[in-house]
Amino acid sequence: MEPQKRSPLLEVKGNIELKRPLVKAPSRLPLPGSRFKRGLDQMEDALEPEKKRTRGLGTATKFATSYPRAPALTTVPQAQGQTAAPKVPKKTAPRCSTAVATVLKNQKPGPAVPAKKPGTAAPPKPGGKKPSKRPAWDLKGQLCDLNAELKCYRERTQTLDQENQQLQDQLREAQQQAMALGAERRTLDGELARVRAQAEQGQQELGHLHARVLELEAWLGTQEGLVQELQKEQLELQEERRVLVIQLEEQERRLQVSEAALSDSQAEVTSLRQEAAAQAALLAERGERLHGLEMDRRRLHNQLQELKGNIRVFCRVRPVLPGEPTPPPGFLLFPSGPGVPSDPPTHLSLFRSDERRGTLSGMPAAPTRHDFSFDRVFPPGSGQDEVFEEIAMLVQSALDGYPVCIFAYGQTGSGKTFTMEGGPGGDPQVEGLIPRALRHLFSVAGDLSSQGWTYSFVASYVEIYNETVRDLLATGTRKGQGGDCEIRRAGPGSEELVVTNARYVPVSCEKEVEALLHLARQNRAVARTAQNERSSRSHSVFQLQISGEHTGRGLQCGAPLNLVDLAGSERLDPGLALGPGERERLRETQAINSSLSTLGLVIMALSNKESHVPYRNSKLTYLLQNSLGGSAKMLMFVNISPLEENVSESLNSLRFASKVNQCVIGTAQANKK
């Protein structure tokens, strides 16, 4: 028994409900969307073989033709021998399936076309009568029958095409409705997910609110306890308020008494204000007077220094060091001057014995006495504090705006570096002139600050080695390099001289000065000589630029303070054998003697008022140009050794110092603005 075929609409409905695609069975009708159409010509072509076969037989054979099958949408055919698949029970489908079923139900089904099996006889004619058998020779009649049958087939084909078109239109509408319902379903699914998310969020918020309620209940309990405590505190405060009211009344009574006393005090304050105004006027008057006295002090101080001489020479004899031979008695004498014997010594007598000279009797000649007179002579027992006390007033002149230059001159080992920088170990008793001078300047500048003066100090420390300027404050890779330091003008038209690529360090306390001196000792060029184990082979120049300003009166002053430790002055030994080290010492000695000779020539030219002063003949005199002549004040320490073996070098140093002491430079002028 042939299995029962399902209707195409039921197949579409089932596929939609089961959410599976449609499967089309083989059909001769064109599928939806296909462009294939059967026409009359195609039907004639299909009948043409039957005509030819009929003619060939030559007998009146009845055409065994069959009607074409009606197109149908079926599922995939089952295998031979199997029964029809049972009907799938309906499942609970989305709203879209119900809508499709409703649409299909409302649609009118087309006329059903029974399907014929292959090989069956042709259907009867429209009249209901069975066609009579025509003879074989009646080809015309057979042709008429065939044309009539062809006409029936054409009508049937047109009917089936119309039904097929209707079914395709219905199918497209169903598909469109299915797509719309699917979109609606997706929208509803999204809304459902959103509603579920909102529900979950609401559940979470509900949990949070529940926790918040518990927390608020706990807080409420705490607040209730706090309220009870506050009520207790309120009672205490009320009691305290009652006490305060009593105290307030007492204070009001006291206030009345105080107001009465205040009125008396106001009258007294008015009197005091009047007195303060008078005192302020008196203070201003005394300030003017103090300023005038300060100006008079500076003027008198400068006159005193000029009376002492703008070029002064001090002689200092160092003590005999441990291990050195004791000089013979009377080798050095310090006779008193024409004044009071208690006055500081200013004369020095040196006795020199010459073994080459003798008398006719063969006895050695009497020693030759050499007398020298200076502004001050310091015997071997003089301390550093005594030496500085003599130059403290000169150092203070730098604060007043006068350039000051202090030299330490003498042979190697005579105590020049000790005089300027002091001894090692940081002992305050052996501090040199440089740290003492800066301490004195800082102290005086602090005292003058009460009068409206403010001072700034900038320090530099260089050495001149073989006519090359080196920065003693250099650090890192620049230590010991002097090729990049040159003496230049500070600017176009400026008379101030600066050293390029040298460090200029602002200083304001003693600790900073000590650090600079320690660094300079490490960088200075020293070498062993015949006179000293560690001899300075260069001129060191410590420069302190002082700038002062009185903002209230619009006054300014500035001047440099130069503290110079000259290299050892030794004469060359013509019989000295020159090795590699001696050649280096020879070049150093030549450079040192040349610069010292230039220094003497400059001082002589300034004393003689010559038109040309050879400052540029030496780096030393060129650097100190502004501190040697004109408005400068100069002081030279000539340091000598107490040993008899150094008498020749001592005499040379004393003679050079005597020449300098005889020079007189014009009146100094302060650098004021």
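Residues numbered from 1 in each chain as written. Predicted model: local features only at pLDDT ≥ 70, side-chain atom pairs only at ≥ 80, totals over all residues. Heavy atoms only, no water.

1. A few points about the side chain of H550
The condition is simple: Think of it this way: any DSSP run of H or I at least four residues long counts as a helix, any run of E at least two long counts as a strand, and we number them from the N terminus. Only protein chains enter the area calculation, which uses a 1.4 Å probe; residues under 20% of their type maximum are buried, those over 50% are exposed, and those in between are partly exposed. Pairs of N or O atoms are called polar contacts if they sit within 3.5 Å, as long as, within protein, a hydrogen donor faces a hydrogen acceptor (for residues adjacent in sequence, only side-chain-to-side-chain pairs). The contact criterion used is simple: two residues touch if any of their non-hydrogen atoms lie within 4.5 Å.
Checked against the element boundaries, H550 lands in strand β14 (residues 539-550). Exposure remark for H550: the relative accessible area of 7% places this residue in the buried category. Among the polar contacts listed, one links the side chain of H550 to the backbone oxygen of Q451, at a separation of 2.8 Å. Here H550 is in contact with Q451, G452, W453 and L555, once residues within four sequence places are set aside.

2. Comments concerning the confidence of the model for the protein chain
Heads up, the rule is: The pLDDT value tells you how sure the predictor is about a given residue, anywhere from 0 up to 100.
Counting all residues, the mean pLDDT for the protein chain is 77, and 69% of those residues have values of 70 or more. Low pLDDT, under 50, characterises residues 1-5; the stretch is placed with 2 contacts to residues that sit more than four places away or in other chains. Here residues 16-40 scores under 50 on pLDDT; set against residues more than four positions off or in separate chains, the count is 43 contacts.

3. Remarks on a negative patch on the surface
How we decide: Residues form patches when they are more than 30% accessible in relative terms and have no salt bridge. Like charges link within 9 Å. Nonpolar side chains (Val, Leu, Ile, Met, Phe, Trp, Tyr) link within 5 Å. Using a 1.4 Å probe, the Shrake-Rupley method yields the accessible areas, and only the shown protein chains count as cover for residues. What makes a salt bridge here is a side-chain nitrogen of Lys or Arg within 4 Å of a carboxyl oxygen of Asp or Glu, nothing more. His is not counted, nor are the chain ends; Lys and Arg add positive charge and Asp and Glu add negative charge. A single reference atom marks each charge: NZ on Lys, CZ on Arg, CG on Asp, CD on Glu.
A contiguous patch of negative charge, built from E229, E233, E236 and E240, is present on the exposed surface. Tracing the sequence through the fold places E240 in helix α4 (residues 139-308). Taking relative accessible area as the criterion, E240 reaches 43% and is therefore assigned partly exposed.

4. Side note on unusual backbone geometry
Of note in the backbone geometry, E467 takes a positive phi value of approximately 60 degrees without being a glycine. Turning to its location among the elements, E467 is positioned in the loop between β7 (453-465) and β8 (468-471). Overall, E467 belongs to the partly exposed group, its relative accessible area being 30%.

5. Describing a nonpolar patch on the surface
Taken together, the side chains of L216, W219 and L220 present a nonpolar region at the surface, about 300 Å² in accessible area. Accessibility expressed as a relative area gives 45% for L220, which makes it partly exposed.

6. Some words on the nonpolar core
Condition: Here, nonpolar core means buried Ala, Val, Leu, Ile, Met, Phe, Trp, Tyr and Cys residues that are tied together by side-chain atoms lying within 4.5 Å of each other.
Ranked by internal contacts, the top residues of the largest apolar core, which has 51 residues, are C315, F407 and L628. The element that contributes the greatest number of residues to this core is helix α9 (residues 580-607), accounting for 7 residues. Here C315 is in contact with L348, F374, R376, V377, F378, V638, I640 and L654, once residues within four sequence places are set aside. Within the second largest apolar cluster, 45 residues are counted, among which are L399, A408, I434 and L438.

7. Looking at the packing of helix α5 (residues 384-399) against helix α7 (residues 433-449)
Using the following cut-off: To define axes, lines are fitted to C-alpha atoms, for helices over the stretch in contact only, and angles between the resulting N-to-C directions are given on a 0 to 180 degree scale. Roughly parallel refers to an angle under 35 degrees, roughly antiparallel to one over 145, roughly perpendicular to one between 65 and 115, and oblique to any angle outside these ranges. Less than a right angle of anticlockwise turn of the near helix away from the far helix marks a crossing as left-handed, whereas a clockwise turn marks it as right-handed. Here the term charged refers only to Asp, Glu, Lys and Arg, the term nonpolar to Ala, Val, Leu, Ile, Met, Phe, Trp, Tyr, Cys and Pro, and the term polar to all other amino acids, Gly among them.
Direction vectors running N to C along α5 and α7 enclose 50 degrees, while the axes themselves pass 9 Å from each other. Between α5 and α7, the angle is such that the two are oblique. Viewed along their axes, α5 and α7 form a crossing whose handedness is right-handed. Contacts between α5 and α7 involve Q384, D385, V387, F388, I391, A392, V395, Q396 and L399 on the former and, on the latter, L433, R436, A437, H440, L441, V444 and A445. Across the contact of α5 with α7, the residue classes break down as 11 nonpolar, 3 polar and 2 charged.

8. A few points about the packing of aromatic side chains
The line we're drawing: Stacked, edge-to-face and tilted labels apply to pairs of Phe, Tyr and Trp rings (six-membered ring for Trp) whose centres lie within 6.5 Å, assigned for plane angles under 30 degrees, over 60, and everything in between, in that order.
This model, assessed by the stated rule, comprises 8 aromatic pairs. When the centroid spacing of 6.0 Å and the interplanar angle of 20 degrees are considered together, the rings of W453 and Y455 count as stacked. In this structure Y455 comes out as buried when scored by relative accessible area, which is 15%. Taken together, the ring pairs connect F314, F378 and F637 into an aromatic cluster.

9. Overview of the pairing of β7
Under the convention used in this document: If DSSP finds at least two bridges between two strands, the strands pair.
When you tally the buried positions in β7, you get 10 out of 13 residues, the bulk of the element. In this structure, β7 lies alongside strand β11 (residues 505-507), joined through 3 bridges in antiparallel fashion. By the bridge assignment for β11, V458 is matched with P506. Inspection of the sheet shows β7 paired to β8 by 4 bridges, in the antiparallel sense. Within β8, the residue paired with Y465 across the bridge is T468. If you look at the hairpin formed by β7 and β8, you'll find 2 residues sitting between the two strands, and N466 has a positive phi there, around 55 degrees.

10. Remarks on the pattern of salt bridges
Where charged atoms from two side chains of opposite charge approach closely, those side chains can pair. In this structure the tally under the stated criterion is 17 salt bridges. A salt bridge links R212 to E215, with the nearest nitrogen and oxygen atoms 3.4 Å apart. You can see R212 and its partner E215 sitting in helix α4, 3 residues apart, about one turn around the helix. Here E386 and R376 are joined by a salt bridge, their closest N and O atoms 3.0 Å apart. Note that E386 is positioned in helix α5 and R376 in strand β5 (residues 376-378), a separation of 10 residues in sequence. Take R376: its relative accessible area is 7%, and that puts it in the buried class. What you see here is one network of salt bridges that share partners, running through R134, D138 and D145.

11. Some thoughts on the packing of α7 against helix α8 (residues 510-523)
Helices that pack against each other are described as a pair by the angle of their axes relative to one another and the distance between those axes. Here α7 crosses α8 at 155 degrees, and the two axes come no closer than 10 Å. Relative to α8, α7 is oriented roughly antiparallel. Of the two elements, α7 crosses α8, and the hand of that crossing is right-handed. Residues I434, P435, L438, R439 and F442 of α7 pack against E510, V513 and L517 of α8.

12. Side note on the environment of E644
With respect to the secondary-structure elements, E644 resides in the loop between β16 (633-640) and α11 (647-661). Judged by its relative accessible area of 36%, E644 is partly exposed. Counting along the chain gives 317 residues from E644 to P327, while the straight-line C-alpha distance between them is 5.9 Å.

13. Some words on the side chain of K416
Mapped onto the secondary structure, K416 falls in helix α6 (residues 416-421). Despite being buried, K416 has no salt bridge partner; D565 is the closest side chain of opposite charge, sitting 5.1 Å away. If we ignore the near neighbours within four places in the chain, the residues touching K416 are A408, Y409, G410, Q411, D565, L566, A567, G568 and N639.

14. Thoughts on the sheet that holds strand β2 (residues 332-333)
As summarised here, the arrangement of the 3 strands in space is β2-β3-β4, forming an open sheet in which the pairing is antiparallel. The open sheet has two free edges, formed respectively by β2 and β4 (368-373), since each of these has just one partner strand. The pairing of strand β3 (residues 347-352) with β4 spans 6 bridges and is classified as antiparallel. Note that in β4 the partner of L350 across the bridge is H370. In the packing of α11 onto the sheet, the strands contacted are β3 and β4, and the crossing angle to β3 comes to about 145 degrees.

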